[in-house]
Amino acid sequence: MKLPPLALVAPSLCPRCDQPAMVVMDHSEESRCGHCGLQLHQCGSCRGIAGPFDRYCGFCGHELVRGLDRPIWWRLWLLAALVPLAAALTGGIWWAATHPIK
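Here is a short report on the structure shown in this document.

## Remarks on the overall build of the chain
Okay, step 1: Check the secondary structure of the chain and you find one helix and three strands.
Okay, step 2: Starting at the N terminus and ending at the C terminus, the chain contains elements arranged as β-β-β-α.
Okay, step 3: Among the 102 residues that make up the chain, the fraction classed as buried is 16%.
Okay, step 4: The contacts of the chain with a sequence gap of at least 6 include a subset with a gap of at least 24, amounting to 20%.
Okay, step 5: Per element, the accessible surface of the chain, about 8300 Å² overall, is 65% carbon and sulfur.

Printed below as a string of structure tokens:
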């Protein structure tokens, strides 16, 4: 059983085989996992390990393709998605309260 980390540290395990991916990251050549051979990328912000198809670092949100940080407001999409749900729930409760069952 894999236990959660004891502190907020960037992931250093290979996404495929969960083995420690302690490799020297050199951008002049491809970095690969020493156990399974998966091509790995390292986040420029937190130094976490990411897989070959990851666009954003799953730990800090750093964009791996262009190297730019995501804006803080990008996390507000969840709030924007919950607004219609909350409005529908509130409207349903209001309707049920004003129209009692006879």
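Still more ground to cover, so stick around.
## Some details on the sheet that holds strand 2 (residues 39–42)
Okay, step 1: Strand order in the open sheet formed by three strands is 1-2-3, and the pairing between neighbours is antiparallel. At either end of the open sheet lies a strand with only one pairing partner, and these are strand 1 (31–32) and strand 3 (49–50).
Okay, step 2: Here strand 1 runs beside strand 2; their pairing, made up of two bridges, is antiparallel. Counterpart to Ser31 in the pairing with strand 2 is Leu40.

## Regarding the pattern of salt bridges
Okay, step 1: Scanning all chains against the criterion turns up one salt bridge.
Okay, step 2: For the salt bridge of Arg55 with Glu63, the shortest nitrogen-to-oxygen distance reads 2.9 Å.
Okay, step 3: Look at Glu63 and you get buried, because its relative accessible area is 5%.

## A few points about helix 1 (residues 77–98)
Okay, step 1: Taking 1.5 Å of rise per residue, 22 residues should cover 32 Å, and helix 1 covers 32 Å from first to last C-alpha, within 8% of that figure.
Okay, step 2: At Val83, helix 1 shows its maximal kink, close to 25°; a proline, Pro84, follows between one and four residues later.
Okay, step 3: With zero of 22 residues buried, helix 1 lies mostly on the surface of the structure.

## Quick word on the side chain of Glu63
Okay, step 1: By secondary structure assignment, the location of Glu63 is in the loop between strand 3 and helix 1.
Okay, step 2: In terms of polar contacts, Glu63 uses its side chain to reach the side chain of Arg55, at 2.9 Å.

## Considering the nonpolar core
Okay, step 1: Counting residues in hydrophobic clusters, the biggest one holds six residues: Cys14, Ala21, Cys33, Leu38, Leu40 and Ile49.
Okay, step 2: Contacts of Cys33, omitting those with residues within four sequence positions, involve Cys14, Cys17, Leu38 and Leu40.

## Examining the pairing of strand 2
Okay, step 1: Connecting the antiparallel pair strand 1 and strand 2 is a turn made up of six residues, with Gly37 showing a positive phi of about 85°.
Okay, step 2: Where strand 2 meets strand 3, two bridges bridge the pair, whose relative direction is antiparallel. Residue pairing across strands places His41 opposite Ala50, the latter belonging to strand 3.
Okay, step 3: Between strand 2 and the antiparallel strand that follows it, strand 3, lie six residues; Arg47 among them carries a positive phi value of about 65°.

Calculation notes
Residues numbered from 1 in each chain as written. Predicted model: local features only at pLDDT ≥ 70, side-chain atom pairs only at ≥ 80, totals over all residues. Heavy atoms only, no water. Helix = DSSP H or I, 4+ residues; strand = E, 2+ residues; numbered from the N terminus. Buried < 20%, exposed > 50% of the residue type's maximum accessible area, 1.4 Å probe, protein only. Contact = heavy atoms within 4.5 Å. Areas by Shrake-Rupley, 256 points an atom, 1.4 Å probe, with all protein chains shown as cover. Pairing = 2+ DSSP bridges. Salt bridge = Lys/Arg side-chain N within 4 Å of Asp/Glu carboxyl O. Expected span 1.5 Å × (residues − 1). Bend = angle between axes of the 7 residues up to and from the residue. Polar contact = N/O pair within 3.5 Å; in protein donor to acceptor, adjacent residues only side chain to side chain. Core = buried A, V, L, I, M, F, W, Y, C linked by side-chain atoms within 4.5 Å.

All we've got here are geometric facts, nothing functional implied.
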